[in-house]
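The chain contents come next:
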Amino acid sequence: MPDEATATFDLFEPLAETATGDDVTIVICPGIANHSEKQYIRTFVDYAQKNGYRCAVLNHLGALPNIKLTAPRMFTYGCTWEFGAMVNYIKKTLPESQLVVVGFSLGGNIVCKYLGESELNQERVSCCVSLCQGYCALRAQETFMWWDHCRRFYNFLMTDNLKKIILAHRKELFEDAQSKKSSNLKDVDESRLHTVTSLNQIDEIVMRKFHGYDSLKEYYENESCARHLHKINVPLLLVNAADDPLVHSSLLKIPQSLAEKKENAMFVLSRHGGHLGFFEGAVLFPEPLTWMDKLIVEYVNAICQWEKNKLQCMKAEQTSPNE
């Protein structure tokens, strides 16, 4: 990366042929502090491979415990640099492959923001699927402090996990930062991290400073995909669950409004599903393959078939004799 950070991703080759016979690569951005080894990612990748799709999975910067940071920077809520680097690599090394963009939770925010940032980012992209994201970080952080659906408790658990990841990289983030004049982390008080109990506290102490934001409001507004969604022109599927303990119902007005205004956007709201759950089968022993996994693949299959039919119709019109 330009700032000397090292981004990594894993590439999984298809185990069959797609329904249309096309070469398609699904580029995947996982949830907060996640990577290709997480169970929900592995389950989806396996199912996608068996349906003929190649998968590229981004490992969020700093998320893998055995990969050291090479620059004083980690992933943030909306930084698209690493995901963009992975997509550009795939486009360069697989010039014949069409891309499908998939983002889970925080990853949904990143992929939508990435596509909306530039029309060039949408080239060779057949469609995009976003699952269980909150769309607007500024509003989401307010709701994270509420106790309905145990949201405040989940906030604490995610905060604790993120705190451990940051402290595991304390040398690269804080000690080495002191020797780099360009680092934004030189004034970070590391001791404050040990007492944080919410994500917005971590964002205030560390995360916003990675990109030099002066305030949390500026950080949340600029890192959210809400202001970019209307600029996405490829087929877009936005999926949420009404009982998601992390995404408050007030946030769902954003995808609903978008779907009402844009023909390429579809908003799916299930009654149940939780946060990246969507399990099927028995309550105590659900099936490992979820409704979410099936939905993504079925949607991608439909889009690929639609693209192929559209191309065939265009060719037929060009070759048909003039009446």
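What counts, and where the lines are drawn
- For every chain, the first residue of its written sequence is number 1, and the numbers climb from 1 along that sequence.
- Owing to the predicted nature of the model, reporting of local features is limited to residues with pLDDT of at least 70; listing and counting of side-chain atom pairs is limited to 80 or more, with chain, interface and lining totals taken over all residues.
- Heavy atoms from the whole structure form the basis of all side-chain values; hydrogens and water molecules are not counted.
- Pairs were defined over the aromatic rings of Phe, Tyr and Trp, the Trp ring being its six-membered one, requiring ring centres within 6.5 Å. Orientation was assigned from the angle between planes: stacked under 30 degrees, edge-to-face over 60, tilted for the rest.
- Helix axes use the C-alpha atoms of the stretch in contact, all axes being lines fitted to C-alpha atoms, and the angles between their N-to-C directions lie in the range 0 to 180 degrees.
- Runs of E in the DSSP output that reach at least two residues are strands. Runs of H or I that reach at least four are helices, and both are numbered from the N terminus.
- Throughout, the term roughly parallel applies to angles under 35 degrees, roughly antiparallel to angles over 145, roughly perpendicular to angles from 65 to 115, and oblique to all others.
- Handedness of each helix crossing follows the sense of rotation of the near helix against the far helix: counterclockwise by less than a right angle gives left-handed, clockwise gives right-handed.
- Only heavy atoms matter for contacts: two residues are in contact if any of them lie within 4.5 Å across the pair.
- Note that Gly is not counted as nonpolar here; it falls among the polar residues with everything else outside the nonpolar set of Ala, Val, Leu, Ile, Met, Phe, Trp, Tyr, Cys and Pro and the charged set of Asp, Glu, Lys and Arg.
- Any Lys or Arg side-chain nitrogen located within 4 Å of an Asp or Glu carboxyl oxygen qualifies as a salt bridge.
- Remark: exposure states derive from per-residue accessible area (1.4 Å probe, protein chains only) relative to the maximum for the residue type, with buried under 20%, exposed over 50%, and partly exposed in between.
- Of all possible arcs, the one meant is that of the directions from the helix axis to the C-beta atoms.
- Strand pairing follows a simple DSSP-based rule, namely that at least 2 bridges must link the two strands.
- Whether a crossover is right-handed comes down to one check: with the strands pointing away from the viewer, does the path from the first strand over the helix to the second run clockwise; if it does, it is right-handed.

### So, the packing of aromatic side chains
Right, on to step 1. The final tally for this structure, using the stated rule, is eight aromatic pairs.
Right, on to step 2. Each member of the aromatic cluster is reached from another via a ring pair, and the members are Y40, F44 and F104.

### Digging into the packing of helix α2 (residues 81-93) against helix α3 (residues 106-117)
Right, on to step 1. Their axes nearest at 10 Å, the elements α2 and α3 cross at an angle of 65°. Classified by the interaxial angle, the pair formed by α2 and α3 is roughly perpendicular. Like other packed secondary-structure pairs, α2 and α3 cross with a definite hand, here right-handed. Residues F83, G84, V87 and N88 of α2 touch α3, and the partners they reach there are I110, V111 and Y114.
Right, on to step 2. Partitioned by chemical class, the residues of the contact of α2 with α3 number five nonpolar, two polar and no charged.

### Details of the pattern of salt bridges
Right, on to step 1. Across all of its chains, the model carries 14 salt bridges by this definition.
Right, on to step 2. With its nearest N and O atoms 3.1 Å apart, the salt bridge here joins E13 to R54. Taken as a pair, E13 in the loop between β1 (8-12) and β2 (24-29) and R54 in strand β3 (residues 54-59) lie far apart in primary sequence, 41 residues in all.
Right, on to step 3. For E13, a relative accessible area of 41% puts it in the partly exposed group.

### Some remarks on the side chain of H60
Right, on to step 1. With respect to the helices, strands and loops of the structure, H60 is situated in the loop between β3 and α2.
Right, on to step 2. For H60, a relative accessible area of 2% translates into the label buried.
Right, on to step 3. Contact partners of H60, with chain neighbours within four places excluded, come to C29, P30, G31, A33, N34, F75, L106 and I110.

### A closer look at helix α8 (residues 216-223)
Right, on to step 1. Of the positions making up α8, those classed as buried are L216, Y219, Y220 and E223. For α8, the buried positions fall inside an angular range of 90° around the axis, keeping them on one side.

### With respect to the pairing of strand β6 (residues 236-241)
Right, on to step 1. With six of six residues buried, β6 is to be regarded as a mostly interior element.
Right, on to step 2. Two strands pair when backbone bridges link them, and β6 and strand β7 (residues 265-270) are joined in this way by six bridges, in the parallel orientation. Within the sheet, the bridge partner assigned to V239 lies in β7 and is V268.
Right, on to step 3. Handedness of the β6-helix α9 (residues 253-261)-β7 crossover: right-handed.

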